Amino acid sequence: MEEIRSFILDHHTRNLPFYIELAGVTYPDINYGIRRECSEFYVLEYIINGSGYVHVNDQSFTVSAGDVYILPLGCKCYYYADSKTPYKKIWMNVNGEICKQLFRIYNLNTKYHFENLNVYPLFEKFLNLCKETNTSTQHIFSKCSCVFFEIIQALFNASYVENEINEYVLKAKHYCDMNLYTKITVEDVAGYISLSVSQLNRLFKKEYGTTVYSYLLNCRIETAKSLLKGTALSISEISEKLIFTDEHYFSNIFKKKVGLAPSAYRKL
């Protein structure tokens, strides 16, 4: 048994940047199974409880409660419920340029299975938006696209962590990112994660190809570029805000990194 919300897809809706064919909930059924030779939509499904099996292109895996799986556009797939513990799942069939670009940018066209993710509230929110009756289809698609983007980000974040970036390095990077406007040293970062400076730099360089000091400096230069382009702050104020010793030192470092003095960069 399934609870389904469907949309009529005419020429106009298929030209929207994001559109939905179907969304719904599948309830436990030992006979449930779907086969597609060439999927016309991106299919995202979240397992609420129970288990099942998925074959997509050249990959096969078992899914259970808390898992998400993706069936990308154009894939060959077969998925079905376990005969003893058939799954209950919430799902969506979507398409449009937004889907294509997000899957490309976040490199999700070959990553199909994500285990134990807390994204059920997002899937539920998506389905509830689909059920709205007091608004236009286009408005529903627009609001759902924002939730879809949140889901994609959650999948990417899970995949990114799975890339086995060292936990100490992740904490160090986060500490640097959160303290661009604070006077911190490499020693401060190392102390925060309880490593020596040499250990930290060795691990950080292995993951990001640069030292912690260089990473902090590059982040501050990139932030300075944004502030020069997007704010009316003076060069002196930007220098002070980003914890450079003085305006002269900031200008020299900026020119060395960017190839232009801050004033010349702003004029561009």
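Nothing here was measured: the structure is a model prediction, and the numbers come from that model.

Chemist: Talk me through the packing of helix α5 (residues 167–177) against helix α8 (residues 212–230); I want residue IDs and the actual numbers.
Modeler: Orientation of α5 relative to α8, taken along the N-to-C sense of each, is 35°, at an axis distance of 10 Å. Between α5 and α8 the crossing geometry is right-handed. Along the contact surface, α5 presents K173, C176 and D177, while α8 presents V212, Y215, L216 and C219. For the contact of α5 with α8, the per-class residue count stands at five nonpolar, no polar and two charged.

Chemist: Account for the sheet that holds strand β8 (residues 77–81), with residues named and values stated.
Modeler: Across the sheet, four strands lie side by side as β3-β8-β5-β6; this open sheet has antiparallel pairing. Single-partner strands in this sheet number two, and they are β3 (33–36) and β6 (59–64). Along the sheet, successive strands turn relative to each other by an average axial angle of 10°, direction set aside.

Chemist: Go over the packing of α8 against helix α10 (residues 247–258), please, and point to the residues and values.
Modeler: Contact geometry for α8 and α10: axes closest at 11 Å, N-to-C directions at 95°. One element, α8, and the other, α10, form an angle in the roughly perpendicular class. Here Y213, L217, N218, I221, A224, K225 and L228 of α8 come into contact with α10, specifically with Y249, F250, I253, F254, K257 and V258. Of the residues that constitute the contact of α8 with α10, the class distribution is 10 nonpolar, one polar and two charged.

Chemist: Could you give me a rundown of unusual backbone geometry, with the residues and numbers involved?
Modeler: Phi angles above zero are rare outside glycine, and S194 is one such case at about 60°. Structurally, S194 is set in the loop between α6 (186–192) and α7 (197–208). Under the relative-accessibility criterion, S194 is labelled exposed at 62%. Of note in the backbone geometry, I243 takes a positive phi value of approximately 65° without being a glycine. Residue position: I243 is located in the loop between α9 (235–241) and α10. Taking relative accessible area as the criterion, I243 reaches 29% and is therefore assigned partly exposed.

Chemist: Which residues make up the layout of surface pockets, and what values do they have?
Modeler: Of the volumes computed, that of the largest pocket is approximately 320 Å³. Lining the largest pocket we find 13 residues, and of these I184, Y213, R220, I243 and Y249 sit closest to its centre.

Chemist: How would you explain the environment of T26 if you had to name every residue and give the values?
Modeler: If you trace the backbone, T26 turns up in strand β2 (residues 19–26). On the basis of relative accessibility, which here comes to 1%, the residue T26 falls in the buried class. C-alpha separation for the pair T26 and I47, spaced 21 residues apart in sequence, amounts to 9.5 Å. Dropping the residues within four chain positions of it, T26 is found in contact with M1, E2, Y32, Y87, K88, K89 and W91.

Definitions and limits used
- Residues numbered from 1 in each chain as written.
- Predicted model: local features only at pLDDT ≥ 70, side-chain atom pairs only at ≥ 80, totals over all residues.
- Heavy atoms only, no water.
- Axes fitted to C-alpha atoms, helices over the stretch in contact; angles between N-to-C directions.
- Helix = DSSP H or I, 4+ residues; strand = E, 2+ residues; numbered from the N terminus.
- Left-handed = near helix turned anticlockwise from the far one by under 90°.
- Contact = heavy atoms within 4.5 Å.
- Nonpolar A, V, L, I, M, F, W, Y, C, P; charged D, E, K, R; others polar.
- Pairing = 2+ DSSP bridges.
- Parallel < 35°, antiparallel > 145°, perpendicular 65-115°, else oblique.
- Buried < 20%, exposed > 50% of the residue type's maximum accessible area, 1.4 Å probe, protein only.
- 1 Å grid on protein atoms, 1.4 Å probe; cavity = no way out; pocket = protein on both sides within 12 Å on 5 of 7 lines; lining within 4 Å.
- Points joined across faces, edges and corners; volume = space filled by probe spheres on them.

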